[in-house]
Amino acid sequence: MPHINFPDVDGDDGDDDDHDDDDDDGGSGRPEDEPLALPSDFSAAERNTLGLEAQAVFERRVRHGRAYDLLAAVKESINHQGAFLEDKQKHARGQKDNTRSQKQVSNATARTRMLAGLYNYNRDRLIALSDGIAEDVLQAINMETDLKSKNWRKPRQQGDSREERAWIWTHGNSKASGSSIPIASTNNSLVDRVQWFRARAEVKRVNEEINKLHAEFKRTILGFKNMSRAWEQVSAKAGLSDGARAYALRKVNMFNKLSVQCADVFGTTRKDAAEKWDYSIVSSN
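Residues numbered from 1 in each chain as written. Predicted model: local features only at pLDDT ≥ 70, side-chain atom pairs only at ≥ 80, totals over all residues. Heavy atoms only, no water.

Draft legend 1. Geometry of the overall build of the chain. The secondary structure content of the chain amounts to seven helices and zero strands. Its helices and strands in sequence order give the chain the pattern α-α-α-α-α-α-α, from N to C terminus. Residues classed as buried in the chain amount to 23% of the 285 residues present. Taking as baseline every contact in the chain between residues at least 6 positions apart, the subset at least 24 positions apart corresponds to 64%. Summed over its atoms, the accessible surface of the chain is roughly 20800 Å², and 52% of this surface lies on carbon and sulfur atoms. (Helix = DSSP H or I, 4+ residues; strand = E, 2+ residues; numbered from the N terminus. Buried < 20%, exposed > 50% of the residue type's maximum accessible area, 1.4 Å probe, protein only. Contact = heavy atoms within 4.5 Å. Areas by Shrake-Rupley, 256 points an atom, 1.4 Å probe, with all protein chains shown as cover.)

In structure tokens form, the structure reads like this:
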């Protein structure tokens with residue numbers, strides 16, 4: 001059971017007039033640091049003994065909603081931090097402006113870590129109210145890895161698909177009022193929608209490159225064959241010297257080999273040998 005200093009109701013009230021009001025300000029702690037003796041401050045056995053089970057249920061409801069509020073505040077603070085950093089990189093010129101902008105970034109970073117600390121403390125209280133079982137409790141925020149984000153307005157770059165976003169960006173808000181379905185499953189965030197459209201555009205560009213590569217392979221093979229036929233016609237002309245005819249036949253053989261080599265490479269790299277308009281659609285056999 002935590003050590004909590006409760007007021008002495010049995011003490012002599014007559015001595016209260018002998019103390020000045022300034023004595024209250026000479027305490028070692030602050031009012032917000034005083035323990036409130038909430039049900040989460042006690043163990044499950046102590047709550048049962050003291051009859052705090054009903055209060056524990058209400059506190060757990062409050063802290064459950066508080067967890068989602070703090071999570072939303074953390075994400076908003078991270079976005080503010082990124083906005084301040086982008087503003088600094090774009091507009092800050094000179095030592096004075098850079099110092100002022102860096103102060104804003106530092107304050108936003110400190111606020112983000114403060115909110116994340118409050119979230120983790122609230123989570124610990126929830127686990128204490130759940131008798132150590134964290135099945136329906138959100139996971140803890142890692143101060144080193146989860147408090148990061150990137151500028152989603154920038155175009156996607158190579159390697160972005162291998163980056164894993166922190167779990168706080170993929171977890172939505174609590175359930176909507178009057179509904180048993182979480183908001184995250186019915187209304188994705190703006191960032192998620194933007195990323196989905198960008199990913200779809202990237203897939204379309206990749207499919208376009210696949211079709212262009214197939215067309216280039218076909219045109220290359222056909223071009224080698226046409227060059228071989230052209231040199232074959234040159235070698236069949238009358239009046240050519242033996243050296244010129246040998247050179248033409250050498251070119252015929254060279255372009256034939258190039259055509260066969262290109263066709264072999266094209267055949268081994270293709271996942272679908274069928275001829276069709278869109279080669280990005282691979283048929284399953």
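Draft legend 2. Structural view of the packing of aromatic side chains. For the structure shown, the criterion picks out three aromatic pairs. With 4.9 Å between their ring centres and 15 degrees between their planes, Phe 217 and Phe 266 make a pair best called stacked. Note that Phe 217 is positioned in helix α6 (residues 190-235) and Phe 266 in helix α7 (residues 242-269), a separation of 49 residues in sequence. Their ring planes at 80 degrees and their centres at 5.6 Å tell us that Trp 231 and Tyr 247 sit as a pair that is edge-to-face. (Phe/Tyr/Trp six-rings, centres within 6.5 Å; stacked < 30°, edge-to-face > 60°.)

Draft legend 3. Representation of the packing of helix α2 (residues 53-91) against helix α3 (residues 94-129) in the model. Relative orientation of the contacting elements α2 and α3 amounts to 160 degrees, with a least axis distance of 8 Å. Overall, the two elements α2 and α3 adopt an arrangement that is roughly antiparallel. Helix-helix and strand crossings are classified by hand; for α2 and α3 the assignment is left-handed. Taken together, the residues of the contact of α2 with α3 break down into 18 nonpolar, 10 polar and seven charged. (Axes fitted to C-alpha atoms, helices over the stretch in contact; angles between N-to-C directions. Parallel < 35°, antiparallel > 145°, perpendicular 65-115°, else oblique. Left-handed = near helix turned anticlockwise from the far one by under 90°. Nonpolar A, V, L, I, M, F, W, Y, C, P; charged D, E, K, R; others polar.)

Draft legend 4. Structural context of the pattern of salt bridges. Tallying each qualifying case throughout the model produces three salt bridges. The closest approach of N and O atoms between Arg 63 and Glu 59, which form a salt bridge, is 2.8 Å. With Arg 63 and Glu 59 both in helix α2 and four residues apart, this pair spans about one turn of that helix. Judged by its relative accessible area of 13%, Arg 63 is buried. Its relative accessible area of 9% is what places Glu 59 among the buried residues. (Salt bridge = Lys/Arg side-chain N within 4 Å of Asp/Glu carboxyl O.)

Draft legend 5. Structural detail: the nonpolar core. If you look at the biggest cluster of nonpolar residues, it comprises 19 residues, and the most contacted ones within it are Leu 71, Val 74, Tyr 119, Ile 141, Trp 167 and Ile 168. Where this core is concerned, the elements lending two or more residues are α2, α3 and α4 (167-170). The biggest single contributor to this core is α2, with six residues. (Core = buried A, V, L, I, M, F, W, Y, C linked by side-chain atoms within 4.5 Å.)

Draft legend 6. View of the side chain of Arg 47. Following the sequence through the fold, Arg 47 ends up in helix α1 (residues 44-50). At 3.3 Å, the side chain of Arg 47 forms a polar contact with the backbone oxygen of Pro 39. In this structure Arg 47 touches Pro 39, Ser 40, Phe 42, Leu 52, Glu 53, Ala 56, Ala 128, Leu 129 and Asp 131, once residues within four positions along its chain are discounted. (Polar contact = N/O pair within 3.5 Å; in protein donor to acceptor, adjacent residues only side chain to side chain.)

Draft legend 7. Quick look at α7. Here α7 spans 41 Å end to end across 28 residues, near enough to the 40 Å set by a 1.5 Å rise per residue. Within α7, the full set of buried residues consists of Ala 248, Lys 251, Val 252, Phe 255, Ser 259, Cys 262 and Phe 266. (Expected span 1.5 Å × (residues − 1).)

Draft legend 8. Looking closely at the environment of Thr 268. Checked against the element boundaries, Thr 268 lands in helix α7. Only 3.0 Å separates the side chain of Thr 268 from the backbone oxygen of Val 265, close enough to count as a polar contact.

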